[in-house]
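Chain by chain, the residues run as shown.
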Amino acid sequence: MRAAVMGSPIAHSLSPFLHRAAYREMGLAGWSYEAFECDEARLPELLGELTPLRGQGHEDEDAWAGLSLTMPLKRAVLPLLDTVSELAVEVGGANTVVFRGGRRHGDNTDVYGIVRALAEAGVHAPRSAVVLGGGATAASTLAALRDLGLHAATLLVREPARAAGTAEVAERLGMALAVETLDKLDVFTGADLVVSTLPGGAADAFADRLARVPALFDVVYSPWPTRAAAAVAAAGATVVGGFAMLLHQAVRQVQLMTGRADVPVEAMRTAGEAEIRRRAATAPA
């Protein structure tokens, strides 16, 4: 059986290390996991080349079990699928494609990853939350917050006009969403939880203000800790890093693609952390 991660750029992806570690531990000797550079323009062609799909009348040794998708493919893949989970429709993106019965089914495991990452850190039921950034990860964050019992959240972005898609996601989720600019962060540091979905280092400019929050989830995983995360940790508050989200969304992907529940979380964690350390050790000074 074959699986892969697709996106652009893809060379940095930790997914092969996580999934392959799971296959080894689960005894899936015949499974492989690759990484393919793929942008939106090439996606339809590449999906068409992935044959046979599992369930097309036989269990071919070279059959495809599924795909992990990263940006910019999570939204672009939706019209190319046979079926899409309700959650993926709600957040407007699928990061997982599972092949069964000769059909392509889209799902979203990012939401699961966020919920599990927060739970590991003891964040189970925040009374209020602020999300920094308005992209695809922010949309999944809103769904995760809903699953944690929140019916309202505040979104802080550089340009509110560019958050229209995320506001539509909030509406589909049945959540009330207030959209403000990032310079208003001081007003919202009293929230129980701040989630930064900003790209690497972008939240560091707000480190001093974020140091006052009870809990920070920064989706960056390398380099770690970010300055913002270090400031919150130094203040004695709760910090959650992006690797925990990446790990748990991959755990759920392995469950969906293999159909097995006995996914070795700790083996995957160990493999991912080892690769992060290796990259840090070999990175230019």
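As a reminder, the structure under discussion sits directly above these lines.
Conventions we followed
- Sequence order sets the numbering: in each chain, residues are counted from 1 along the sequence as written.
- This being a predicted model, a pLDDT of at least 70 is required before a residue's local features are given, and a value of 80 or more before pairs of side-chain atoms are given or counted; all residues contribute to the totals for chains, interfaces and linings.
- Water and hydrogen atoms play no part in the side-chain values, which are based on all heavy atoms of the structure.
- We call Phe, Tyr and Trp rings a pair once their centres come within 6.5 Å, taking the six-membered ring for Trp, and we label the pair stacked below 30 degrees between planes, edge-to-face above 60, and tilted otherwise.
- Working definition: helices are DSSP H or I runs of at least four residues, strands are E runs of at least two. Numbering for both runs from the N terminus.
- Classification of residues uses two cut-offs on accessible area relative to the type maximum, computed with a 1.4 Å probe and protein chains only: under 20% is buried, over 50% is exposed, and between them is partly exposed.
- We define a salt bridge as a side-chain nitrogen of Lys or Arg found within 4 Å of a carboxyl oxygen belonging to Asp or Glu.
- A helix's residues, less one, multiplied by 1.5 Å, set its expected span.
- Working rule for contacts: check all heavy atoms of both residues, and any pair within 4.5 Å makes them a contact.
- N or O atoms within 3.5 Å of each other form a polar contact, as long as, within protein, one can give a hydrogen and the other can take it, and as long as residues adjacent in sequence are counted only when both atoms are side-chain atoms.

A word on the packing of aromatic side chains. Evaluation of the coordinates by the stated rule reveals three aromatic pairs. With 6.2 Å between their ring centres and 55° between their planes, Phe-36 and Trp-64 make a pair best called tilted. Highlighted residues: Phe-36 in strand E2 (residues 32–37) and Trp-64 in strand E3 (residues 64–69), separated in sequence by 28 residues. Of the residues examined, Phe-36 reaches a relative accessible area of 21% and is grouped as partly exposed. Taking relative accessible area as the criterion, Trp-64 reaches 2% and is therefore assigned buried. Through successive ring pairs, a cluster of aromatic residues spans Tyr-23, Trp-31 and Tyr-33.

The next point concerns the pattern of salt bridges. Close approach of charged atoms lets side chains of opposite charge pair. A complete count under the given rule lists 14 salt bridges for this structure. The partner of Arg-146 in a salt bridge is Glu-90, with the nearest N and O atoms 3.1 Å apart. With a gap of 56 residues between them, Arg-146 in helix H6 (residues 136–147) and Glu-90 in helix H4 (residues 86–91) connect regions that are remote in the sequence. Residue Glu-90 is classed as buried on the basis of its relative accessible area of 12%. Here Glu-275 makes a salt bridge to Arg-278, at a shortest N to O gap of 2.8 Å. Taken as a pair, Glu-275 and Arg-278 lie in helix H11 (residues 265–282) at a separation of three residues, close to a single helical turn. Judged by relative accessible area, which is 7%, Glu-275 ranks as buried. When its relative accessible area of 45% is taken as the criterion, Arg-278 is described as partly exposed.

Another aspect to go through is helix H1 (residues 15–26). End to end, H1 covers 16 Å across 12 residues, agreeing with the expected 16 Å (1.5 Å per residue, within 8%). Residues of H1 that are buried: Ser-15, Pro-16, Leu-18, His-19, Ala-21, Ala-22, Tyr-23 and Met-26. Here the buried face of H1 lies against strand E1 (2–7), E2, E3, helix H10 (242–258) and H11. Looking one or two places after H1, you find Gly-27, whose phi comes out positive at around 75°.

What follows deals with the environment of Thr-96. You can see Thr-96 is positioned in strand E5 (residues 96–100). In sequence terms Thr-96 and Thr-70 are 26 residues apart; their C-alpha atoms lie 9.0 Å from each other. Sequence-distant contacts of Thr-96, that is, excluding residues within four places in its chain, are made with Leu-67, His-105, Gly-106, Asp-107, Thr-109, Gln-253, Leu-256 and Met-257. Within the local environment of Thr-96, its side chain forms a polar contact with the side chain of Gln-253, the two groups lying 3.0 Å apart.

Glancing now at unusual backbone geometry. Trans is the prevailing form of peptide bonds, just as negative phi is the prevailing case for residues other than glycine. Note the cis peptide between Met-71 and Pro-72, where omega equals 10°. Among the structural elements, Pro-72 can be located in the loop between E3 and helix H3 (73–76). For the peptide bond that leads from Trp-224 to Pro-225, omega is 0°, which places it in the cis range.

These figures come from the coordinates and say nothing about function on their own.
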